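Below, each chain spelled out in residue letters.
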Amino acid sequence: MEDYLVRGTAAGGYIRAFAAYTKKTVQTACDHHNTTPVATAALGRMLTAAAMMGSMLKSEKDIVTLQIRSLGPLQGIVATSDSHSRVKGYVFNPNVDIPVKYPGKLDVGGAVGEGYMSVTKDIGLKEPYSGRIQLVSGEIAEDLTYYFSASEQTPSSVGLGVLVDTDLSIKQAGGFIIQLLPGAPDSVITDLENRLSGIPYVTNMLDDGMTPEEILGEILKGMDLKLSEERSPIEYFCNCSRARVEKALISIGREELTKIIEEDKKAELNCHFCNQKYSFTEEELRALLAEATR
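Keep in mind it's a predicted model, so treat the numbers as computed, not measured.

1. Concerning the layout of surface pockets
Item 1. By volume, the largest pocket amounts to about 930 Å³.
Item 2. Among the secondary structure elements, those contributing two or more residues to the lining of the largest pocket are helix 2 (37-54), helix 4 (141-151), strand 8 (156-164), strand 9 (170-180) and helix 6 (202-207).
Item 3. Ranked by residue count, the leading element in the lining of the largest pocket is strand 8, at eight residues.
Item 4. Tallied by class, the residues present in the lining of the largest pocket amount to 21 nonpolar, nine polar and nine charged.
Item 5. A volume near 240 Å³ is recorded for the second largest pocket.
Item 6. Around the second largest pocket sit Ile63, Thr80, Ser81, Asp82, Arg86, Lys88, Phe237, Asn239, Arg244 and Phe273, which together line it.

2. With respect to the sheet that holds strand 6 (residues 115-122)
Item 1. Spatially, 7-6-3-4-5-12 is the arrangement adopted by the six strands of the open sheet, whose pairing is mixed. Unpaired on one side and paired on the other, strand 7 (129-134) and strand 12 (235-236) mark the two borders of the sheet.
Item 2. Pairing geometry for strand 5 (residues 86-91) and strand 12, over two bridges, is parallel. Looking at strand 12, one finds that arginine 86 is bridged to glutamate 235.

3. What to know about the packing of helix 8 (residues 242-251) against helix 10 (residues 282-292)
Item 1. Between helix 8 and helix 10, the shortest axis-to-axis distance is 9 Å and the interhelical angle comes to 60°. Between helix 8 and helix 10, the angle falls in the class oblique. As for the relative orientation of helix 8 and helix 10, their crossing is right-handed in sense. Across the interface between the two elements, Arg242, Glu246, Leu249 and Ile250 of helix 8 pack against Glu284, Leu285, Leu288, Glu291 and Ala292 of helix 10.
Item 2. Each residue belonging to the contact of helix 8 with helix 10 can be placed in one class, and the counts come to five nonpolar, no polar and four charged.

4. Here we look at helix 2
Item 1. Its 18 residues give helix 2 an end-to-end C-alpha distance of 25 Å, which sits within 8% of 26 Å, the value for a rise of 1.5 Å per residue.
Item 2. In terms of residue burial, helix 2 counts as a mostly covered element, since 17 of its 18 residues are buried.

5. Digging into a negative patch on the surface
Item 1. Taken together, the side chains of Glu255, Glu256, Glu262, Glu263 and Asp264 make up a negatively charged region of the molecular surface.
Item 2. Structurally, the position occupied by glutamate 256 is in helix 9 (residues 254-264).

6. Regarding the nonpolar core
As a rule of thumb, soluble globular proteins bury nonpolar side chains together.
Item 1. In terms of nonpolar packing, the biggest core is built from 55 residues, with Met53, Leu66, Leu74, Ile77, Ile140 and Leu144 touching the most fellow members.
Item 2. Residue contributions to this core peak at 12 residues, all from helix 2.
Item 3. Those residues within four positions of methionine 53 in sequence are excluded, and the remaining contacts are Val64, Leu66, Val119, Leu144, Tyr147, Phe148 and Ile177.

Conventions adopted
- Residues numbered from 1 in each chain as written.
- Predicted model: local features only at pLDDT ≥ 70, side-chain atom pairs only at ≥ 80, totals over all residues.
- Heavy atoms only, no water.
- 1 Å grid on protein atoms, 1.4 Å probe; cavity = no way out; pocket = protein on both sides within 12 Å on 5 of 7 lines; lining within 4 Å.
- Points joined across faces, edges and corners; volume = space filled by probe spheres on them.
- Helix = DSSP H or I, 4+ residues; strand = E, 2+ residues; numbered from the N terminus.
- Nonpolar A, V, L, I, M, F, W, Y, C, P; charged D, E, K, R; others polar.
- Pairing = 2+ DSSP bridges.
- Axes fitted to C-alpha atoms, helices over the stretch in contact; angles between N-to-C directions.
- Parallel < 35°, antiparallel > 145°, perpendicular 65-115°, else oblique.
- Left-handed = near helix turned anticlockwise from the far one by under 90°.
- Contact = heavy atoms within 4.5 Å.
- Expected span 1.5 Å × (residues − 1).
- Buried < 20%, exposed > 50% of the residue type's maximum accessible area, 1.4 Å probe, protein only.
- Patch = residues over 30% accessible without salt bridge, like charges linked within 9 Å, V, L, I, M, F, W, Y side chains within 5 Å.
- Areas by Shrake-Rupley, 256 points an atom, 1.4 Å probe, with all protein chains shown as cover.
- Salt bridge = Lys/Arg side-chain N within 4 Å of Asp/Glu carboxyl O.
- Lys, Arg positive; Asp, Glu negative; His and termini not counted.
- Charge placed at Lys NZ, Arg CZ, Asp CG, Glu CD.
- Core = buried A, V, L, I, M, F, W, Y, C linked by side-chain atoms within 4.5 Å.

Keep in mind these values describe shape, not function.
Rendered as structure tokens:
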């Protein structure tokens, strides 16, 4: 099954819902960064959330970036998505290895530790919108649930899961976001709370073969769920290029570029998001220096 997300509404439009399947996307991220299982789970959850939040953006060029900075051994995570749910991301320390919480349950919260989460939306305004919260648990889904309530005043429930197989490949990955919209009657709120309190883990539902449509159908059973007809693809996509890296080198300024040429005679830059290496000889750096001084 290809990675995709679905949207829907329920309870006469008072609920909006998103669900995503992201197995291939998370596997690609794992392959790029050679992450340990717990780092894979943390990054995969963030990428899944970013993909769904990206689908909430209105315009073609809008971007949403989720970032965690923390005191745990993982140190931090970055995930970003455009409005087409093309995502990319990385963890600060991909080699984290800590004991599992219990058999079959990776300790993502322990790897993340205390810290904060920020969400930045670049939606074409003069200044990007940014919200920030202290982490609630480091498990990411709970933190995003709190973020939506505290920063966007949108009561929400977020479920995220990544199941890493015994051979370290991604067995399952996905998630959901359920949101109450303004004016929702108390009866709808109570019904939704009751339903959310009894649902299985996301990874269990996916491992049982449930699709994103079926997951939303299970959560919102009897609440007049109306799903969008289209499936929106999700993919890991990095837009780095040699030309972009050249611009970055030029932007550091003539003095710093001269210092690199004189001391190192070469430069090698790695893209944080896909680990692509870009190497520059002394001659190529001098050509960039000439361009920087025009």
